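Structure assessment
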Amino acid sequence: MSKIFKVQLSIMKPVFNVFLLCLFSIFYCKSENTEKENTDNNPYEFHIGGVLSSNKSEDYFKQTIEHLNFNTPFMKPGNTFYAHSIKMDPNPIKTALNVCKQLIVRRVYAVIVSHPQIGDLSPAAVSYTSGFYHIPVIGISSRDSAFSDKNIHVSFLRTVPPYSHQAEVWVELLKYFNYLKVIFIHSSDTDGRAFVGRFQTTSQNQGDDIEKKVQVEAVIEFEPGLSHFNNQLNEMKNAQARVYLMYASKLDAEVIFRDAAYRNMTEAGYVWIVTEQALDANNVPEGTIGLKLVNASNELAHIYDSIYILASAITDMNRTKTITPPPADCDSSGAIWDTGKTLFEYIKKQVYKDGHTGKVAFDNNGDRIYAEYDIVNVKEVANKDAIGKYYFNNDLNKMKLRLNESNIIWPGHLKKKPEGFMIPTHLKVLTIEEKPFVYVRPLKKDDGNSCKSDEIMCPLYNNTSSKVLDPIVYCCKGYCIDLLVGLSKDINFTYSLSLSPDGQFGNYEIRNNSASGKKEWNGLIGEIVYERADMILAPLTINPERAEFIEFSKPFKYQGITILEKKPSRSSTLVSFLQPFSHTLWVLVMGSVHVVALVLYLLDRFSPFARFKLINADGTEEDALNLSSATWFAWGVLLNSGIGEGTPRSFSARVLGMVWAGFAMIIVASYTANLAAFLVLERPKTKLSGINDARLRSTMENLTCATVKGSAVDMYFRRQVELSNMYRTMEANNYETAEDAIRDVKNDKLMAFIWDSSRLEFEAAQDCQLVTAGELFGRSGYGVGLQKGSPWSEAVTLSILDFHESGFMENLDDKWIFQGRVEQCEDQEKTPNTLGLKNMAGVFILVAVGIVVGMVLIVIEIGYKKHHVRKQNRLQLARNYGQTWRAIVQKRKLMRMQGRTSGVGALSLSVEALPRSVLNIQSPIRSIETLPRTCRNSPSPTRAWSGRQMVHRKSDDIPLRSPIGGPPQLHFHNNLM
């Protein structure tokens, strides 16, 4: 079943595709026919209106349209154009009424408008009237910027550009002559403001070459109808720029030229570039450069181009769009003509390459683009020669400037191009406190309002405050100050030095008081960007962000970025003397001492030649090697102390003793050498290996690092994608100044400070406890900061290069950065450390512990000995009693034996029967040590004593002496006698 279904599906699939194709074709054909039916309903007759200045223009207008009907490329077969024209009346109300009564009633599709022969009346009346119904109006003479406003002139186009479009030609001229700093003079009317706005926009958007962007040093605005221009000219004369761009009417230009000539500001060294109106002034100075629009007054050529542009737009619209009839009158018709809106858009899209006025096209405002200009040079008041042209290049497909510079006459009748600026000889120089480049100290009263001979006064102006405050006066010296003095002498300028107002190098950020949210520069960079200073002489790092807004000289010092940290000091603990050996080795050594002592004792104990077995020739024995003596011997050999007694006697034990002595020698020598390495020779350098250290990049490590907010180092980390994690971690720790960060490094509050290598090397040279870690990265240089286009840039750069070659910069390095302290730190590195109490405190504590332990042990020994003596006394007393009774028993036995043999009566041995006077125990025996040696060494002291010491007396009393010859004494009475 499934196979049959698959076969049916395979058969039906191509049939279904054919069905879809036919269905699409039907709908497409239907839509095409519908559109064709709609375009077929479009009118065949098109009426064009004209409001022209003369009969000649009207005749040419009609003739051009008649010829147009026979021009096949511009006409759709069957279509016909009709011309209807009127003259422009000087009265704008009459002009508007004539447009309604004579043109709109004829259903015109567009109106071409010129200007009256007399007066300056603009085609505004025609634009308003036709624009109400959205009938397109093509102007051929009016160049006012007001017609570019589509909110007012909704359907107005023109084949002439507005005056403000000359700004594009001005920018090309300035770049050609390399004039990058200018002063802009303009009237405060609509055209003047439009002109300066377009100039600033064009100058900033011309290409990607940052070095070629034109900067406007000052904008001088005046009200039309000038009587004098003195105050503005005085302001201009104090500026650096000597290139003046002027947009003014003919009358205002005459006033400006008059006052400028009075101040010699039209002579050599000055450059005047003016618009067409100002170029017509009667007193335009020699050397002025101006513009003339090509075919500006050729009304017939503009009529021709306008007609053909309009015909091309109607033909294009007629092919694709439905065209409805235009309004028939101005009275009853109030509806907006939608076809007029569409026709207006079609006209803007037209490009007429072969027009009589050049390439004709329109921008979004309906203004003419690709207009061509002649570059005019005033050689005499009545002689204005064209020295170049601004034209459309078909090969490059863009506008191109062509100049014959050799034919230019400059002000002062000079052939050489002026510099375009006045080089100021007094510069405002800014710096910032940064050791060792700039040292800052407040000026004290004791100084007598003047700094020392090697210092320069550098006040601090607080321009961030709304109130005008008196500056705080400081004295500055250092690397950069000496460099400033050298530059001023070498390239001949004077200066006034001051500190950064906000204490910052410069950061590009959104200001808190900025309502628009626009980023602005602060710090030193902001002072240069906003032209409040001329030069920055500080350790200012050259980077792309700053170079976009200010100009740098060649580096006066090459440097990079490095890391500053405090040298890790070896922790000298109380057990630092144990550091040469590991804990495991110490345990093994301690264990070996006691194991060897035990083995020595066993070898000497069981050896047949040990002290336990041998007796001296005199019959005495030596003291045997007990376990205590063996331990003492093992420790004595290990610690290399003298051994007076208790040495092994057997050969086997002595062999082990020699081996142990060799082991002890190696252990002690190794300990001594390693102790010297740990406490004296080894100096740890750094904790970090550099910027690639994993601990810096890991957010899990408890390692704090930081830099200075808004600095060049901060910008570097923002640019580096691979350092993004590290930057996010350190961003919260960043400091306001380098001084604060370095202080925290010294106080162990910050582990790593990332900053310029020059400053950190200086700090490491000053304090040998600080050290830079790893290799340099982010290499760059310190440069002198100047304004864009500053005339001092080249001179400063050449002077710095000369300083490098002459060794001046090396002298500054030795004087301010190294200061001879590098050798001191290196010598200190080579000198062994002196051991102090901190290093050896543990040894002294060990001795103190030994003393305390000895004192405790002696107290324990004394107490133990007293207890032992008392116990021995009691035991000896018991022994004495036992010996006495044994002697009595022996005596009794002896007497019994004697009695049996001699018949003597029995001897009473009862102690109780004896009187106390008979049994007299005088004193206890003090010690067993008082016994004779033979008694002490005898296995049975009692027996030996009784055999040798007991004697019979002939008297009745038989004294019994104690074994030591003293009391107690027993007196026995012979009752039988």
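The text that follows walks through the structure, step by step, so that each part is easy to find. (Residues numbered from 1 in each chain as written. Predicted model: local features only at pLDDT ≥ 70, side-chain atom pairs only at ≥ 80, totals over all residues. Heavy atoms only, no water.)

**Things to note about the overall build of the protein chain**
Within the protein chain one finds 28 helices and 33 strands. Burial analysis of the protein chain (977 residues in total) assigns 44% to the buried set. A separation of at least 24 residues holds for 71% of the contacts in the protein chain among residues at least 6 apart in sequence. When the accessible surface of the protein chain is summed, it comes to about 51900 Å², and 55% of that surface belongs to carbon and sulfur atoms. (Helix = DSSP H or I, 4+ residues; strand = E, 2+ residues; numbered from the N terminus. Buried < 20%, exposed > 50% of the residue type's maximum accessible area, 1.4 Å probe, protein only. Contact = heavy atoms within 4.5 Å. Areas by Shrake-Rupley, 256 points an atom, 1.4 Å probe, with all protein chains shown as cover.)

**A look at the packing of aromatic side chains**
Counted by the stated rule, this structure contains 40 aromatic pairs. Residues Phe184 and Phe199 carry aromatic rings whose centres are separated by 5.3 Å and whose planes lie at 50° to one another, so their mutual orientation is tilted. Within this pair, whereas Phe184 is found in strand S6 (residues 181-187), its partner Phe199 is found in helix H6 (residues 190-205), the two being separated by 15 residues in sequence. Overall, the relative accessible area of 0% leaves Phe184 in the buried class. (Phe/Tyr/Trp six-rings, centres within 6.5 Å; stacked < 30°, edge-to-face > 60°.)

**Remarks on the sheet that holds strand S20 (residues 474-477)**
Pairing is antiparallel across the open sheet formed by three strands, whose spatial order is S18-S20-S19. A single partner strand is all that each edge strand has here, and the edge strands are strand S18 (439-442) and strand S19 (456-457). (Pairing = 2+ DSSP bridges.)

**Section: the pattern of salt bridges**
Charged atoms that come close allow side chains of opposite charge to pair. Scanning all chains against the criterion turns up 22 salt bridges. With a shortest N-O distance of 3.0 Å, Arg759 and Glu434 are connected by a salt bridge. With a gap of 325 residues between them, Arg759 in helix H22 (residues 757-766) and Glu434 in the loop between strand S17 (426-431) and S18 connect regions that are remote in the sequence. A single network of salt bridges, built from pairs that share partners, joins Glu434, Glu739, Arg759 and Glu763. (Salt bridge = Lys/Arg side-chain N within 4 Å of Asp/Glu carboxyl O.)

**What to know about the side chain of Lys567**
Mapped onto the elements, Lys567 comes out in the loop between strand S26 (557-566) and helix H15 (583-606). Separated by 3.0 Å, the side chain of Lys567 and the backbone oxygen of Cys768 make a polar contact. (Polar contact = N/O pair within 3.5 Å; in protein donor to acceptor, adjacent residues only side chain to side chain.)

**Points about the state of the cysteines**
Within the structure shown, the criterion is met by three disulfides. Across the disulfide from Cys100 sits Cys330; the S-S distance is 2.2 Å. For the disulfide bridge between Cys100 and Cys330, the dihedral angle about the S-S bond is near -95°, and by the sign convention the bridge is left-handed. Placement of Cys100 in helix H3 (residues 92-103) and of Cys330 in the loop between helix H10 (299-320) and helix H11 (338-349) is noted, with a sequence separation of 230 residues between them. Taking relative accessible area as the criterion, Cys330 reaches 22% and is therefore assigned partly exposed. For Cys458, the disulfide goes to Cys476, at an S-S distance of 1.8 Å. (Disulfide = S-S within 2.5 Å.)

**Things to note about the pairing of strand S9 (residues 271-274)**
Regular strands place side chains that alternate from one sheet face to the opposite one. Going residue by residue along S9, you find Val271 and Ile273 tucked away on one face and Trp272 and Val274 tucked away on the opposite face as well. Pairing analysis gives four bridges linking strand S8 (residues 243-247) to S9, with the strands arranged parallel. Following the sheet pairing, Leu245 is matched in S9 by Ile273. For the crossover that starts at S8, traverses helix H8 (residues 250-262) and ends in the parallel S9, the hand is right-handed. (Right-handed = clockwise from strand over helix to strand, strands pointing away.)

**Notes on the nonpolar core**
Counting residues in hydrophobic clusters, the biggest one holds 51 residues, and the most contacted among them are Val51, Phe81 and Ile347. Not counting residues within four places of it along the chain, the set of residues in contact with Ile347 comprises Pro136, Ile138, Leu157, Ile309, Leu310, Ala313 and Phe362. By size, the runner-up hydrophobic cluster in this structure holds 45 residues, among which are Leu540, Ile691, Met726 and Ala752. (Core = buried A, V, L, I, M, F, W, Y, C linked by side-chain atoms within 4.5 Å.)

**As for unusual backbone geometry**
Omega for the bond connecting Lys435 with Pro436 falls within 30 degrees of zero, at 0°, which places this linkage in the cis form. Within the element layout of this structure, Pro436 appears in the loop between S17 and S18. We note that Asn295 has phi near 65°; this positive angle belongs to a residue other than glycine. By secondary structure assignment, the location of Asn295 is in the loop between strand S10 (289-293) and H10.

**Thoughts on the sheet that holds strand S25 (residues 551-552)**
Within the open sheet, the five strands sit side by side as S21-S17-S24-S30-S25. Their pairing is mixed. Here the strands that pair on one side only, and so sit at the sheet edges, are strand S21 (494-499) and S25. Pairing of strand S24 (residues 535-536) with strand S30 (residues 785-786) involves two bridges; the strand directions are antiparallel. Paired with Met535 across the bridge in S30 is Leu786.

**Side note on the pairing of strand S28 (residues 752-756)**
For S28, the buried fraction is high: five of the five residues fall into the buried class. Sheet topology note: the S26/S28 ladder contains four bridges and is antiparallel. Bridge pairing links Ile561 to Asp756 in S28. Relative to S28, strand S27 (residues 705-706) runs parallel, the two being bridged by two bridges. Paired with Cys705 across the strands is Ala752, a residue of S28.

**Quick notes on the packing of helix H19 (residues 712-719) against helix H20 (residues 724-731)**
Where H19 meets H20, the axes come as close as 8 Å, and the angle between the chain directions of the two elements is 140°. With respect to H20, the element H19 is oriented oblique. Judged by residue contacts, Asp714, Phe717 and Arg718 of H19 engage Met726, Tyr727 and Met730 from H20. Partitioned by chemical class, the residues of the contact of H19 with H20 number four nonpolar, no polar and two charged. (Axes fitted to C-alpha atoms, helices over the stretch in contact; angles between N-to-C directions. Parallel < 35°, antiparallel > 145°, perpendicular 65-115°, else oblique. Nonpolar A, V, L, I, M, F, W, Y, C, P; charged D, E, K, R; others polar.)

**Considerations on the environment of Tyr244**
Structurally, Tyr244 can be placed in strand S8. In the structure, Tyr244 is positioned 60 residues away from Phe184 in sequence and 6.1 Å away in space, judged by C-alpha atoms. Not counting residues up to four positions away in its chain, the partners in contact with Tyr244 are Ile183, Ile185, Met236, Met265, Tyr270, Val271, Trp272 and Ile273.

**A short note on helix H4 (residues 124-132)**
Counting buried positions over the nine residues of H4 gives seven, a clear majority of the element. Looking one or two residues beyond H4, the residue adopting positive phi is His134, at roughly 60°.

**Describing the environment of Ala630**
Within the fold, Ala630 resides in helix H16 (residues 627-639). It is 7.4 Å that separates the C-alpha atoms of Ala630 and Thr647, two residues lying 17 residues apart in sequence. Those residues within four positions of Ala630 in sequence are excluded, and the remaining contacts are Ala597, Leu600, Tyr601 and Leu625.

**Thoughts on a positive patch on the surface**
Together, Lys866, Arg870, Lys871 and Arg874 give the surface a local cluster of positive charge. Structurally, the position occupied by Arg874 is in helix H26 (residues 837-902). Judged by its relative accessible area of 54%, Arg874 is exposed. (Patch = residues over 30% accessible without salt bridge, like charges linked within 9 Å, V, L, I, M, F, W, Y side chains within 5 Å. Lys, Arg positive; Asp, Glu negative; His and termini not counted. Charge placed at Lys NZ, Arg CZ, Asp CG, Glu CD.)

**Description of the packing of H10 against H11**
Two numbers describe how H10 lies on H11: the axes approach to 9 Å, and their chain directions differ by 120°. The angle between H10 and H11 places the two elements in the oblique class. For the element pair H10 and H11, the recorded crossing hand is right-handed. Contact residues: H10 offers Ile309, Leu310, Ala313, Ile314, Asp316, Met317 and Thr320, while H11 offers Thr339, Thr342, Leu343, Tyr346 and Ile347. Classifying every residue of the contact of H10 with H11 gives eight nonpolar, three polar and one charged. (Left-handed = near helix turned anticlockwise from the far one by under 90°.)

**Considering H19**
Residues three or four positions apart in an α-helix share a direction because the helix packs 3.6 residues into each turn. Most of H19 sits inside the fold, with six of its eight residues counted as buried. Against strand S23 (519-521), helix H14 (544-547), S26, H20, S28 and strand S29 (770-782) lie the buried residues of H19.

**Concerning the side chain of Thr339**
Position of Thr339 relative to the elements: it lies in helix H11. Classification of Thr339 by relative accessible area gives buried; the value is 5%. When near neighbours in sequence (up to four residues on either side) are disregarded, Thr339 contacts Met317, Thr322, Ile323 and Thr324.

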